[in-house]
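Structure at a glance
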Amino acid sequence: VQLQASGGGLVQAGGSLRLSCAASGSILSINNMSWFRQVPGNQRELVAGITSGGSTTYADSVKGRFTISRDNAKNTVYLQMNSLKPEDTAVYYCNVDATNLQGLRRGYWGQGTLVTVSS
């Protein structure tokens, strides 16, 4: 299973970005899909998650500003980020909990995409 993330970039405070992460390969099923972020020197933190049934969870710091969604037909998870703040600057990673064709279930990480918010 491979993950390809995209959509990061440089944006001014108050702006918006949309991240995408597409899963491909020998996929039998996908369970939870999540976005994490990491600032150098800090631990990776959960930003948002979505279950296969569409239930969502968000970090308190992004509630009301970020929206996670998924397209099961495309094996893709999105993160719509609005009202961005400089403190949102980080490398964003997608994580997909998937079962492959051999029946092995595990988490997979995308390569990370940098989001920079200028003040």
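Structural data are supplied above this passage.
Right, let's walk through the structure included here. (Residues numbered from 1 in each chain as written. Predicted model: local features only at pLDDT ≥ 70, side-chain atom pairs only at ≥ 80, totals over all residues. Heavy atoms only, no water.)

What follows is about the pattern of salt bridges. As enumerated under the stated definition, the model contains five salt bridges in all. Among the salt bridges present, the one from Asp 88 reaches Arg 37, with a minimum N-O distance of 3.0 Å. Placement of the pair is Asp 88 in the loop between strand E8 (76-81) and strand E9 (90-100) and Arg 37 in strand E4 (residues 27-38), with a sequence separation of 51 residues. Each member of the pair, Asp 88 as well as Arg 37, carries the same accessibility label: buried. A salt bridge links Asp 88 to Arg 65; its shortest N-O distance comes to 2.7 Å. With Asp 88 in the loop between E8 and E9 and Arg 65 in the loop between strand E6 (56-58) and strand E7 (66-71), this pair connects stretches of sequence that are 23 residues apart. The class for Asp 88 is buried, based on a relative accessible area of 1%. Members of the salt-bridge network, linked through shared partners, are Arg 37, Glu 45, Arg 65 and Asp 88. (Salt bridge = Lys/Arg side-chain N within 4 Å of Asp/Glu carboxyl O. Helix = DSSP H or I, 4+ residues; strand = E, 2+ residues; numbered from the N terminus. Buried < 20%, exposed > 50% of the residue type's maximum accessible area, 1.4 Å probe, protein only.)

Backbone geometry places Asn 75, a non-glycine residue, at a positive phi of 50 degrees. With respect to the helices and strands, Asn 75 occurs in the loop between E7 and E8. Accessibility expressed as a relative area gives 24% for Asn 75, which makes it partly exposed.

Summed over the entire model, instances satisfying the criterion amount to one disulfide. Across a sulfur-sulfur distance of 2.0 Å, Cys 21 and Cys 94 are joined as a disulfide pair. Here Cys 21 and Cys 94 share a disulfide; its torsion about the S-S bond, 55 degrees, makes the bridge right-handed. Here Cys 94 lies in strand E9 and Cys 21 lies in strand E3 (residues 17-24), a separation of 73 residues in the sequence. (Disulfide = S-S within 2.5 Å.)

The subject of this paragraph is the sheet that holds E8. Strand order in the open sheet formed by four strands is E1-E3-E8-E7, and the pairing between neighbours is antiparallel. On the outer flanks of this sheet lie strand E1 (2-6) and E7, each paired with one strand and no other. Within the sheet, the average angular offset between the axes of one strand and its neighbour, ignoring direction, is 15 degrees. (Pairing = 2+ DSSP bridges. Axes fitted to C-alpha atoms, helices over the stretch in contact; angles between N-to-C directions.)

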